[in-house]
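Summary of the model geometry
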Amino acid sequence: MTKIFHYAMNGMGYGAVSYLVLLAMQEAPAHVSPKNAISLLLVSAAIGVLSMIFDEDYQGLPWPLELGIHLVGTALLVMGYMLFNDWVIDWSFWAIFVLIYVVVWLAVSLNQHFRVVKINRALQKRNK
């Protein structure tokens, strides 16, 4: 349960930052209603939980398939969010979606890289 909560909270963080970037780029409505905010947090948490597919505990699938499942699942969740909030899904939506997906993917990868480096340094210090 705490693992699911951890993934959901991380998802909410990435979703909130992504939404703020969209606001700054003027790609999302400037007025944020409670409906928008709550649905954003719920969808972001769901995407975070969906990210558990990449966890080492679930390595029964090949990585490209995991990525495809995550990408399609994320797209479906975001489209549901858009429809729930009565926003238009057009070609610019898809361009922005792919851009944000790639940027978040790079941010997560960079974060994981820094964590691995930090752990390796701690292990090297311990072994000396």
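Within every chain, residues take consecutive numbers counted from 1 along the sequence as written. With pLDDT at 70 or above as the cut-off, local features in this predicted model cover only qualifying residues; side-chain atom pairs require 80 or more to be listed or tallied, and sums for whole chains, interfaces and linings still use all residues. Side-chain measures here rest on the full set of heavy atoms in the structure, leaving out hydrogens and waters.

A look at the confidence of the model for the protein
One number per residue, pLDDT, summarises how confident the predictor is, and it ranges from 0 to 100. Across the protein, the average pLDDT comes to 90, with 98% of residues at or above 70. Mean pLDDT across the secondary structure elements of the protein bottoms out at helix α4 (residues 91–127), with 90, and peaks at helix α2 (residues 34–50), with 95. Going along the chain from the N terminus, every DSSP run of H or I of four or more residues is numbered as a helix, and every run of E of two or more is numbered as a strand.

Quick notes on the nonpolar core
Only buried residues count toward a nonpolar core, which is a set of Ala, Val, Leu, Ile, Met, Phe, Trp, Tyr and Cys residues joined through side-chain atoms within 4.5 Å. We call a residue buried when its accessible area falls under 20% of the maximum for its residue type, exposed when it is over 50%, and partly exposed in between, using a 1.4 Å probe and counting protein chains only. Among the nonpolar cores identified, the biggest contains 15 residues, and Tyr19, Val78, Tyr81, Met82, Trp87, Phe93 and Phe97 are the most heavily contacted of them. Elements with a minimum of two residues in this core: α1 (2–24), α2, α3 (63–84) and α4.

Looking at the environment of leucine 40
Here leucine 40 lies in helix α2. Between the C-alpha atoms of leucine 40 and methionine 12, which are 28 residues apart in sequence, the distance is 7.9 Å. Discounting chain neighbours no more than four positions away, the residues touching leucine 40 are Gly15, Ala16, Tyr19 and Tyr81. It only takes one pair of heavy atoms within 4.5 Å for two residues to be counted as in contact.

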